[in-house]
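# Commentary on secondary and tertiary structure
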Amino acid sequence: MARAGGITNAVNVGIAVQADWENREFISHISLNVRRLFEFLVQFEATTKSKLASLNEKLDTLERRLELLEVQVGTASANPSLFTS
Amino acid sequence: MAVPVEEAIAALSTFSLEDEQAEVQGPGIWVSSERGATDSPIEYSDVSAYRLSLSEDTKALNQLDALIQEGKEMSAVLYTYRSCVKALPQLPDSMKQSQADLYLETYQVLDLEMSRLREIQRWQASAASKLAADMQRFSRPERRINGPTITHLWSMLKLLDVLVQLDHLKNAKATIPNDFSWYKRTFTQVSVQWHDTDAMREELDDLQIFLSTRWAILLNLHAEMFRVNNVEDILQVLIVFAVESLELDFALLFPERHILLRVLPVLVVLATSSEKDSESLYKRVKINRLINVFKNDPVIPAFPDLHLSPAAIMKELSIYFQKFSSQTRLLTLPAPHELPPREAQDYQRHYLIIHHIGSIRAEHDDFIIRFASSMNQLLLLKSIESADIEWCKEVKGSMYDMVVEGFQLLSKWTARVWEQCAWKFSRPCKDVIPTEPHDSSASFSDYEKVVRYNYSPDERKALVELVGYIKSVGSMMQRCDTLVADALWETIHAEVQDFVQNTLATMLKTTFRKKKDLSRILSDMRTLSADWMANTSRPESDLQALQHGGEESKGILFFPRPVAPTAAQVHCLQFLIYEVVSGGNLRKPGGLFGNSGSEVPVNDLKQLETFFYKLGFFLHILDYSATVASLSDLGFLWFREFYLESSRVIQFPIECSLPWMLVDYVLESQNAGLLESVLMPFDIYNDSAQQALVVLKQRFLYDEIEAEVDHCFDIFVSKLCETIFTYYKSWAASELLDPSFLFALDNGEKYSIQPMRFTALLKMTRVKLLGRTINLRSLIAERMNKIFRENVEFLFDRFESQDLCAVVELEKLLDVLKHAHELLSKDLSVDSFSLMLNEMQENISLVSFSSRLGSQIWSEMQNDFLPNFILCNTTQRFIRSSKVPLVPVQKPSVPYAKPNFYCGTPDLNLAHQSFARLHSGFFGIPHMFSIVKLLGSRSLPWLIRALLDHISNKITTLEPMITGLQEALPKSIGLLPFDGGVTGCMRLVKEHLNWGAKSELKTEVLRGIKEIGSVLYWMGLLDIVLREVETSHFMQTAPWLGLLPGAEGQVLHSQGGGDSPIVSLFKSASAAIVSNPVCQNATSFSILSKQAEAADLLYKANLNTGSVLEYALAFTSAALDKYCSKWSAMPKTGFVDITTSKDFYRIYSGLQIGYLEESVQLSSNSHEVLGDSVAWGGCTIIYLLGQQLHFELFDFSHQVLNVAEVETASTAQAHRNPHLVQGWDTLIESMKKARRLNNHVFSMLKARCPLEDKTACAIKQSGAPLHRIRFENTVSAFETLPQKGA
């Protein structure tokens, strides 16, 4: 009965595995940090979006107020005789 | 080299990424969702590097994986297949000649669809033969090749699962044969012109057989497998593997568990195709174990809306597999619809989430706390430069444990949702209780029965809660993906190294020393995964510390390295462990890790087993984000392709859509606890859209989902806004209820409202929906602005449809609205209330002062109030005359609105209405307060001016009538003689004062005088209210303006000519700030102090406002001056003219006695038309004309009263018949009353408008009265009054 196993060149494989562990440490380090960078960007986008949203809200309010003032000024300047006396 | 990267990344964390938004949605953005570990992306090509002679196995494995991939696509095509026949056009009779063209077109369209089915047929044939060949190759007893590996076994199971699913789907889809027969018909039509169609025809027949035979794929597979009769061994191994994994239920996530459950019945059917086989199978796996597995899960989810039942499958297959039909024990298992009621109850308890939600809640709460604390520990660890190694390992280990637990919980919960769905689909609602009465007659589609009416409110609640838990745990885990990654790698690395370096070393030294074969396998395991040098890069000191610790724990110690094993390493390790325990013999009796006949002692076996299953789970952890994504994916809740087909509709209404049902439930239930999970069901849409695009790859499904989401979200926003508005409105209304009233009430609780928190939702500026980002906050704000305006508009509409008395109610309702606005403004930025009010009042313009409300009040007064209301002097109220209104009033009908446009909830509406009703019957001081408050200083002057103009107009219209009356007066009327007594007097009066032809003018004049009186009295009320308002205003401003009460009640200025307290306060404060060198913007503070000065000036100017009543009287006086000569002729003789005078007082006196008499005769009827204001009007005019003394002397009723007095006195003296004057009793009484009233008016007038020296008010050009100015009686002040339109 044939048994499985039996790495043909155990020593070489062992050395290669060791080297592989070290190489992969570098790779996973880099890839993890790239992912962190990406995550940061996602976060940054989200935060920026909500900051922009609150800015937009303020602008909206100001815009509406400005519109109102414009209308008021419009009613007044449409009737300049009121201000001549 | 790695250091700069690390530093750079760490520097990023110095950015402040704080965000106001709460996490009330599921995970959104997947940084990486490809599976690196569970599906080796390089197709295990690195396995060969370990030189385990597994190349054959790897090749077969990859082939199977490719087939699985294709098979999944096939089943996606089949699942989303929609019948084309329904869409085919029919030709009208007129176009019959082009029938052939239509056939051709139809054929071409259908051919495309059918080619897909043909592809499926071809694919399944090749897949079955490849799978069978694979099984045969790897189950040869002589074993020339290594394998099958565990991964290979899994691939076989997965491929089998794909085939089973595909077969099941083919059976379930009824429209496919239908489409096919249509296709065949068109083919026969079209192919007439074609040559050699035999091959095609044959192919068609083949396809037809394939499509119309149930379980054709399995039958084919069976045939392929048993062409050579040696796959039983591997089938048995697969069964053993499946059963053991299911029983252990440790390393399985729910997708794998469902795969095993789906495959197992088919495997059993295949494996028991002969007597001998079944015997040997039951030797390895007791039949009871199988039955247990099948019994535990009578329904298994297969597709989103399609389930499988092992019992039903086995029953159906037994018809096709003759040998299996002898397995009576397996065949007697009841299918889900045959379950006896009691068992069904038990299963119901097992499947329905509602019975587990309590424990799930506890698990969730417990888990998130522990997870968060582990996270904090990890963060703390990262912030510490050099941490203790043991502690470090502990923290990371506990993080690892938490992640494992999290995955298991997510898997358990999501599986519950799947299984509940499958259960619900298997048991449609039998007795539908329609929610809306009108559709009770309509029949319900199957989908409505299994979804819409199959979830009770409690079940919906539990489902929302569970969806919320899954999504929130999912997003919590996903967010910390990159934070925990290296800790996880390190822990896994440590686990693997600990096993291969320590455990295996011990095993090698002890139990395996003698067994050369086995120990070789073990040392291979070490070779291919040990990381011996992990500690070489460490500094020396650490090493020593490590060695020191090493002596105690008696093992090789190694430094953890944050690198995980590759998929290939795990694959090889699993394979080698399996080799050790099975001895490479498929026929090994017993289970995988069963002890019987194994050469490995129990202890080691246990260790190997644990490590074996751990290895399986490592892969899921390495695929962290992909695992979280698949475990929290709830997109299946939307899909309904199977039911769409069977119901023959294009799409179901959204009321049948489970995600929307959940959203709707949260909104309708008003459950404060669920409110924040209202966005969670939208994640279901996100998931299903993702599935439609990525898994099913069908654009049309995405389009349908998108359309539904658009629709749902619109409804959601509008419903949410409605809820928010109602809530804040009720809150405001309940706060504004009188506390003492609430206290006295027994059932006061119904006026208090349940607090709800909308803050989290109101902060949502980016709702993730189908890849879009939606600013929910701004949407809500927009709608709120609109709804507030609509509400104000409605209140005005309502007021306009009622009379003036409703002004108190209007004010109250506006108050409630304003308070609601104030409460909402704390959480949401909405337009300022005054702005909205001004806008709705049409009061924006700078040059117009009449507002919508002002003009409404004015027109109401003009058209309804002045003609139809009568004054009661005693109560100071105006009430509506009970007579038929002289001036008919036409009003719009009261507009309808939802309860939240009043006060929120119906209960609160009732409470506030009963308060408003108190004020709805009269007009008095409270109404005046409301008017003053509502109109404010902006429109009130406009109203006053309008009323004063009304007075002067009335006087102008009265003038010719009075002239007429003057003409009708007899030439001379002497003093009433005493000798006739009262009777005589009255006869005389009647003779003189019949007014001749002008008598019809009488009522007109009286009415005019009444209106003037009403206006003046109204001004009096306004004056009282304004005084009060101004006094309180004064009390508030006086300390700031530095005003002090003097000894005699006059107002003194506290500082002689200096600044008032407010100005000096601001000046000194800004001086102090500006002098400070840190101060950035000094100008703004100086502006501040300038503004204080302006405020000071403005408030001081407002202090000495005049009296409205006095102004009104002055105005009236000026208006009367024009008619002075006519109404108050200077006697030519210079003496008082007694008999021939035609002055106003005389006219009025005549009118008064006339109406007094009338009122007595007609039982006080004319009094009800005129009220007390006639006296006010008449007396004021008399007074202002300077005729008060004349009137008091010569008034007819005065004279009559004098006569009556004398008469009574004389009768009392003589003791004679006292009844003589009695006939006039009531008349005399009312005359006395009139006299008292007249005196009251005169005394008031004397007080407010002293006339002794004709000291009146002059009126300046601006309209302000000038006090205490003397002017000649004859000079008309009217010329100086600002005239309207002048």
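Residues numbered from 1 in each chain as written. Chains lettered and ligands numbered in written order. Predicted model: local features only at pLDDT ≥ 70, side-chain atom pairs only at ≥ 80, totals over all residues.

### Side note on the overall build of chain B
A tally of helices and strands in chain B yields 48 helices and 11 strands. Scored against the burial criterion, the 1286 residues of chain B give a buried share of 41%. Intrachain contacts of chain B at a sequence separation of at least 6 include 79% that bridge at least 24 residues. (Helix = DSSP H or I, 4+ residues; strand = E, 2+ residues; numbered from the N terminus. Buried ≥ 20, exposed ≤ 12 C-beta atoms within 10 Å, placed from the backbone. Contact = placed C-beta atoms within 7 Å.)

### Quick notes on the packing of helix α36 (residues 925–968) of chain B against helix α41 (residues 1108–1121) of chain B
Residues and elements named next belong to chain B. Axis separation between α36 and α41 bottoms out at 10 Å; the angle between their running directions is 30°. As summarised for this structure, α36 and α41 are arranged roughly parallel, according to the angle between their axes. Once α36 is placed against α41, the crossing between them reads as right-handed. Residue-level inspection shows Ile944, Leu948, Ile951, Ser952 and Ile955 of α36 in contact with α41, the latter providing Val1108, Ala1112, Phe1115, Thr1116, Ala1119 and Leu1120. Within the contact of α36 with α41, the residues separate by chemical class into 9 nonpolar, 2 polar and no charged. (Axes fitted to C-alpha atoms, helices over the stretch in contact; angles between N-to-C directions. Parallel < 35°, antiparallel > 145°, perpendicular 65-115°, else oblique. Left-handed = near helix turned anticlockwise from the far one by under 90°. Nonpolar A, V, L, I, M, F, W, Y, C, P; charged D, E, K, R; others polar.)

### Thoughts on the interface of chain A and chain B
The partner chain B presents 51 residues to the 47 residues of chain A that form the contact. Looking at the side of chain A that touches chain B, its residues break down into 22 nonpolar, 16 polar and 9 charged.

### A look at helix α37 (residues 981–992) of chain B
Residues and elements named next belong to chain B. Between its first and last C-alpha atoms α37 spans 17 Å; for 12 residues at 1.5 Å apiece the expected length is 16 Å, and the two agree. Taken residue by residue, α37 has Val982, Cys985, Met986 and Val989 as its buried positions. With its buried residues spanning 95° around the axis, α37 presents them on a single face. Every exposed residue of α37 that faces more than 90 degrees away from the buried side is listed here: Arg987 and Glu991. (Expected span 1.5 Å × (residues − 1). Arc of directions from axis to C-beta.)

### Concerning the UniProt feature "coiled-coil region" (unreviewed entry) in chain A
The residues that UniProt annotates with the feature "coiled-coil region" (unreviewed entry) are residues 45–79 of chain A. A helix fraction of 94% and a strand fraction of 0% characterise residues 45–79 of chain A, whose end C-alpha atoms lie 50 Å from each other. (UniProt positions renumbered as here; feature names shortened; annotations may be inferred.)

### Thoughts on the nonpolar core
All names here are of chain B. Among the nonpolar cores identified, the biggest contains 334 residues, and Leu238, Ile239 and Leu267 are the most heavily contacted of them. When residues in this core are grouped by element, the largest group, 15 residues, is from helix α16 (residues 389–426). Residues within four places of leucine 267 in sequence aside, it is in contact with Leu235, Leu238, Ile239 and Ala242. (Core = buried A, V, L, I, M, F, W, Y, C linked by C-beta atoms within 7 Å.)

### A short note on the confidence of the model for chain A
Averaged over all residues, the pLDDT of chain A is 83; the fraction at 70 or higher stands at 86%. Here residues 1–5 of chain A scores under 50 on pLDDT; set against residues more than four positions off or in separate chains, the count is 14 contacts. (pLDDT = per-residue confidence, 0-100.)

### Quick word on the domain arrangement of chain B
Splitting chain B by domain gives domain 1 (54–148 + 173–213), domain 2 (721–923), domain 3 (973–995 + 1110–1280) and domain 4 (1032–1101). Computed over C-alpha atoms, the centres of domain 2 of chain B and domain 4 of chain B are 37 Å apart. (Domains from an automatic or database assignment.)

### Side note on the pairing of strand β6 (residues 877–880) of chain B
Residue and element names in this part refer to chain B. Pairing between strand β5 (residues 869–872) and β6: 4 bridges, direction antiparallel. Bridge pairing in β6 places phenylalanine 869 opposite arginine 880. Here β6 pairs with strand β7 (residues 922–923) via 2 bridges, running antiparallel. The residue bridging phenylalanine 878 from the neighbouring strand is phenylalanine 923, located in β7. (Pairing = 2+ DSSP bridges.)

### Remarks on the environment of B:Asp687
Residue and element names in this part refer to chain B. Among the structural elements, aspartate 687 can be located in helix α27 (residues 680–695). A residue is classified by how many C-beta atoms lie within 10 Å of it, and aspartate 687, with 22 of them, is buried. When the C-alpha positions of aspartate 687 and methionine 314 are compared, they lie 33 Å apart, and in sequence the two are 373 residues distant. Those residues within four positions of aspartate 687 in sequence are excluded, and the remaining contacts are Asp633, Leu634 and Gly635.

### Examining the packing of helix α20 (residues 516–529) of chain B against helix α22 (residues 567–582) of chain B
Residue and element names in this part refer to chain B. Two elements in contact, α20 and α22, have axes separated by 10 Å at closest approach and are oriented at 170°. On the basis of their axis angle, the class for α20 and α22 is roughly antiparallel. Contact residues: Leu518, Ile521, Asp524, Met525, Leu528 and Ser529 in α20; Gln569, Cys572, Leu573, Leu576, Glu579 and Val580 in α22. In the contact of α20 with α22, the residues fall into 8 nonpolar, 2 polar and 2 charged.

### Remarks on the sheet that holds β6(B)
Strands in a sheet are paired, the pairing made by backbone hydrogen bonds, and the direction either parallel or antiparallel. In spatial order, the strands read β5-β6-β7 (chain B); together these 3 strands make up an open sheet with antiparallel pairing. Looking at which strands have only one partner, the edges of the open sheet turn out to be β5 and β7 of chain B.

### Regarding the environment of B:His350
Of note, B:His350 is situated in helix α14 (residues 341–351). Through-space distance from the C-alpha of B:His350 to that of B:Gln63 is 39 Å; in sequence the pair is 287 residues apart.

### Here we look at α36(B)
In a regular helix each residue adds 1.5 Å, so 44 residues correspond to 64 Å; α36(B) covers only 41 Å between its end C-alpha atoms and thus falls short of that length. Largest kink in α36(B): about 110°, centred on B:Gly936. (Bend = angle between axes of the 7 residues up to and from the residue.)

### Concerning the pairing of strand β1 (residues 300–303) of chain B
Put simply, side chains in a regular strand alternate between the two faces of the sheet. The sheet contact formed by β1(B) and strand β2 (residues 306–308) of chain B spans 3 bridges and is antiparallel. Paired with B:Ile300 across the two strands is B:Leu308, which belongs to β2(B).

### Looking at unusual backbone geometry
Most peptide bonds are trans, and most residues other than glycine sit at a negative phi. Residues and elements named next belong to chain B. In this structure, arginine 51 takes a positive phi of about 50° despite not being glycine. Mapped onto the elements of the fold, arginine 51 is located in the loop between α1 (2–12) and α2 (55–79). Although it is not a glycine, lysine 697 adopts a positive phi angle of roughly 55°. With respect to the secondary-structure elements, lysine 697 resides in the loop between α27 and α28 (699–736). Residue class for lysine 697 comes out partly exposed when judged on the 14 C-beta atoms lying within 10 Å of it.

### Focus on the confidence of the model for chain B
Residues and elements named next belong to chain B. Mean pLDDT for chain B: 84, with 89% of residues reaching 70 or above. Counted against residues more than four places away or in other chains, residues 537–554, with its pLDDT under 50, gives 8 contacts. Below a pLDDT of 50 lies the segment residues 1253–1257, which in the model reaches 15 contacts outside its immediate sequence neighbourhood of four places, other chains included. In the model output, the complex is listed with pTM 0.88 alongside ipTM 0.89.

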